[in-house]
Structures are given as structure tokens and as C-alpha cells.
Amino acid sequence: DALKIVLTLVFSQLLPLLAGLAVHEWRPALASALLKPAARLSMLLNLSVVVLILATQYPLLLSIKPLGFAGMLALLAASLLVGWLLGGSSPAIRKSFSLTTSIRNAGVGIVIATGAFPGTLAAPALLAYALVSILGSLAVAVWWGRSAGAAREA
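Report follows, based on the coordinates.

Thresholds applied
- Throughout, a residue's number is its position along its own chain's written sequence, starting from 1.
- Given that this is a predicted model, residues contribute local features only at a pLDDT of at least 70 and side-chain atom pairs are listed and counted only at 80 or more, while totals for whole chains, interfaces and linings are drawn from all residues.
- Hydrogens are left out, water is left out, and the side-chain values use all remaining heavy atoms of the structure.
- The helix count covers DSSP runs of H or I at least four residues long, the strand count covers runs of E at least two residues long, and both are numbered beginning at the N terminus.
- Using a 1.4 Å probe on the protein chains alone, a residue whose accessible area is under 20% of its type maximum counts as buried, one over 50% counts as exposed, and one in between counts as partly exposed.
- Any two residues having at least one pair of non-hydrogen atoms within 4.5 Å are treated as being in contact.
- Surface accessibility follows the Shrake-Rupley procedure with a 1.4 Å probe radius. Residue values consider only the protein chains on display as shielding.
- Residues are said to line a cavity or pocket when one of their atoms sits within 4 Å of a point; the points come from a 1 Å grid over protein atoms alone, cavities being sets where a 1.4 Å probe fits but cannot get out and pockets being open sets with protein on both sides within 12 Å along at least five of seven lines.
- Grid points are joined across faces, edges and corners, and a volume is the space filled by probe spheres set on the points.
- In this classification, the charged set is Asp, Glu, Lys and Arg, the nonpolar set is Ala, Val, Leu, Ile, Met, Phe, Trp, Tyr, Cys and Pro, and all remaining amino acids, among them Gly, are polar.
- Only the stretch in contact is used when a helix axis is fitted, and all axes are lines through C-alpha atoms; the angle between N-to-C directions ranges over 0 to 180 degrees.
- Any angle that falls under 35 degrees is termed roughly parallel, while one over 145 is termed roughly antiparallel, one within 65 to 115 roughly perpendicular, and all others oblique.
- Handedness of each helix crossing follows the sense of rotation of the near helix against the far helix: counterclockwise by less than a right angle gives left-handed, clockwise gives right-handed.
- We define the bend at each residue as the angle formed by axes fitted to the 7 residues ending at it and the 7 residues starting at it.

## Describing the overall build of the chain
- If you tally the helices and strands in the chain, you get six helices and zero strands.
- In sequence order, the chain lays out its α and β elements as α-α-α-α-α-α.
- The burial tally for the chain puts 21% of its 154 residues in the buried class.
- Sequence-distant contacts, at least 24 apart, represent 63% of the contacts inside the chain between residues at least 6 apart.
- On the chain, roughly 10500 Å² of surface is accessible, and the fraction owed to carbon and sulfur atoms is 75%.

## Quick word on the side chain of Ser133
- With respect to the helices, strands and loops of the structure, Ser133 is situated in helix 6 (residues 122–153).
- Setting aside chain neighbours within four positions, we find Ser133 in contact with Leu76, Ser102, Ile103 and Ala106.

## A word on the layout of surface pockets
- Here the largest pocket defines a volume of roughly 1600 Å³.
- Lining the largest pocket are 38 residues, with Ser12, Gln13, Ser42, Met43 and Asn46 sitting closest to its centre.
- At the level of elements, helix 1 (2–26), helix 2 (28–62), helix 4 (91–103), helix 5 (106–116) and helix 6 are the ones that each hand at least two residues to the lining of the largest pocket.
- When residues of the lining of the largest pocket are assigned to their parent elements, the largest contribution, 15 residues, is made by helix 2.
- For the lining of the largest pocket, a count of residues per class yields 26 nonpolar, eleven polar and one charged.

## Here's the deal with the packing of helix 3 (residues 66–85) against helix 6
- The interhelical angle for the contact between helix 3 and helix 6, taken along N-to-C directions, is 50°, at an axis separation of 9 Å. One way to sum up the angle between helix 3 and helix 6 is to call them oblique. Regarding helix 3 and helix 6, the two cross each other, and that crossing is right-handed. Taking contact as the criterion, the partners of Phe69, Met72, Leu73, Leu75, Leu76, Ser79, Leu80 and Trp84 in helix 3 are, on helix 6, Ala125, Ala128, Tyr129, Val132, Ser133, Gly136, Ser137, Val140 and Trp144.
- For the contact of helix 3 with helix 6, a count of residues per class yields 13 nonpolar, four polar and no charged.

## Quick notes on the packing of helix 5 against helix 6
- Between helix 5 and helix 6, whose axes approach to 8 Å, the crossing angle comes to 170°. Accordingly, the angle class assigned to the pair helix 5 and helix 6 is roughly antiparallel. Counted together, Ala106, Gly109, Ile110, Ala113 and Thr114 of helix 5 and Ala122, Ala123, Leu126, Leu127, Tyr129, Ala130 and Ser133 of helix 6 form the full contact between these two elements.
- Residues belonging to the contact of helix 5 with helix 6 are distributed by class as follows: nine nonpolar, three polar and no charged.

## Observations concerning the side chain of Ser79
- Here Ser79 is to be found in helix 3.
- Exposure remark for Ser79: the relative accessible area of 13% places this residue in the buried category.
- Those residues in contact with Ser79 that lie beyond four places of it in its chain are Ser98, Thr101, Ser102 and Tyr129.

## Examining helix 2
- A bend of about 70° at Thr56 is the largest found in helix 2, and the proline Pro59 appears one to four places after it.
- Looking only at helix 2, the buried set comprises Ala31, Val50, Ile53, Gln57 and Leu61.

What follows is the structure, given as C-alpha cells:
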């Protein structure tokens, strides 16, 4: 149902983004004060979604084949590469683009998949990809951080 997907995106992505931009524009002090609690709430809600999907969909999650996970790793690598290539000339911005590109759409995909394809492999596959992309991106970020630390020490 295309309308359902569009409405999901509008209510889960566009309206919160516009609200945040409006608060930042018209009430910057309030935006600064809300930044830390909003980040914590976001992490709590994301963790809740992952736990709920794991609890309800684990049999389907276990049915994902190793080739599926290989495809997820390839998609993660491609996302990191695209972010790096489109990130401009600054290494810091390239790293930021790479990491953001690699993890940005998994949450929306999970919301759409659970609503539009209940009882199928779509939600567990997206959850698996979300975990792969988060853990893979974390590994890349740690590696970059350690590489930068080692370069500073040298």
C-alpha cells in the first residue's frame, strides 16, 4: 500500500524533522535544551523496536541464510563507500557521510516492513540488516578513531 508507506514516512520522518527545524530556527535555546533528552529518547525507542522485533520474529530471523548476511555486508560496504565518495574533500566530513549513509534507512525500513509485510521475512531481514549496519558502522568508526589516535601519538 503505497499511501500507507508514504504516510508512515511523513509521520515518522518528515514531520519530526520539520518540527525540529522549526524549534531550532525559532527557539534555539529550547532546541539546545531538548537535544540530549531527545537523543536519549531516540536511543530508547530504537532499542525497544529492536527488542520487540527480536522477541516476536526470532524464528524468521534464524531462517536468514548466510548468503543473505553476505549480501547485507556487501550493502553495508557499498553504503560506506558511497558516503565516502560523496562526502567531499574533507576527511572528517567523508567519514561522517560514510557512517550516516550506512545506517540511516534501516529504522524506516523496519517500520515499513512490519506494517506492510507482517509475518514475512521482510521485518527480520531488515532487523538483521540494521544490526549488521550498526555493528559494522561501529567497527569502522572505532577503527577510524584508533587510526586517528595512533597517528596523533606518532
